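Observations on the three-dimensional arrangement
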Amino acid sequence: MPKTQASLKDIRQLERMHQQRIPSAFMDENSHMNVQFYVHVAEQGLGEFLRRVGLGELYAAADKFGNFALEQHIRYYAEILTGDQVSVHARLIDVSPKRCYVICFLINDTREQLAATVEVVMMNIDMTRRRGAPFPQEAKVALDILQARHRGLRWEAPVCGVMRA
């Protein structure tokens, strides 16, 4: 497994999308955060990411559109334990007319470690037809602007290398 070349300082250049203290209910039999909660915490950040580009809950309620996850990849770097403060930062890797590819960085702020990355490819869905549909113009413009900004960062995102928008 390749190691990330992004430092915490690099990752924190990205906007923080979510932050929370980890409850004991998230622990598994090994006394660290269970895999399902890595996805849950990342999803909280991803939800905020979508809201900021105009594709959140209000978009879904008003226009009968939504977003479906098509593919995910999780990479673990360090444990998260009960009581740890965790933040999620998101970077847009790629965007196409109907899909976007985002990597969420889960930082264990308590221990000053990158704990995990969660990569997600999502598709915009016309919920009346349950089929892929182009992003609305305003959201597509916001995604394109964000992608250009994120491509201008001086560090490579530690992506798995097999996912595309």
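This report concerns the structure included in the present document. (Residues numbered from 1 in each chain as written. Predicted model: local features only at pLDDT ≥ 70, side-chain atom pairs only at ≥ 80, totals over all residues. Heavy atoms only, no water.)

In this structure, Ile22, Met33, Val41, Phe49, Val102, Leu106 and Leu143 are the most contacted members of the largest nonpolar core, which totals 33 residues. Elements that contribute at least two residues to this core include exactly helix H2 (35–52), strand E3 (85–95), strand E4 (99–108), strand E5 (113–126) and helix H4 (137–151). Here this core takes seven residues from H2, the largest share from any one element. Look past the residues within four positions of Val102 in its chain and what remains in contact with it is Leu46, Phe49, Ala90, Arg91, Leu92, Ile93, Val118, Glu119, Val120 and Met122. Ile11, Ile103, Met163 and Ala165 belong to the second largest nonpolar core, which has 15 residues in total. (Core = buried A, V, L, I, M, F, W, Y, C linked by side-chain atoms within 4.5 Å. Buried < 20%, exposed > 50% of the residue type's maximum accessible area, 1.4 Å probe, protein only. Helix = DSSP H or I, 4+ residues; strand = E, 2+ residues; numbered from the N terminus. Contact = heavy atoms within 4.5 Å.)

To continue, consider the environment of Ser24. Along the polypeptide, Ser24 turns up in the loop between strand E1 (16–21) and H2. Looking at Ser24, the relative accessible area reads 54%, which means it is exposed. Remark: the alpha-carbon pair of Ser24 and Leu81, spanning 57 residues in sequence, is separated by 8.1 Å.

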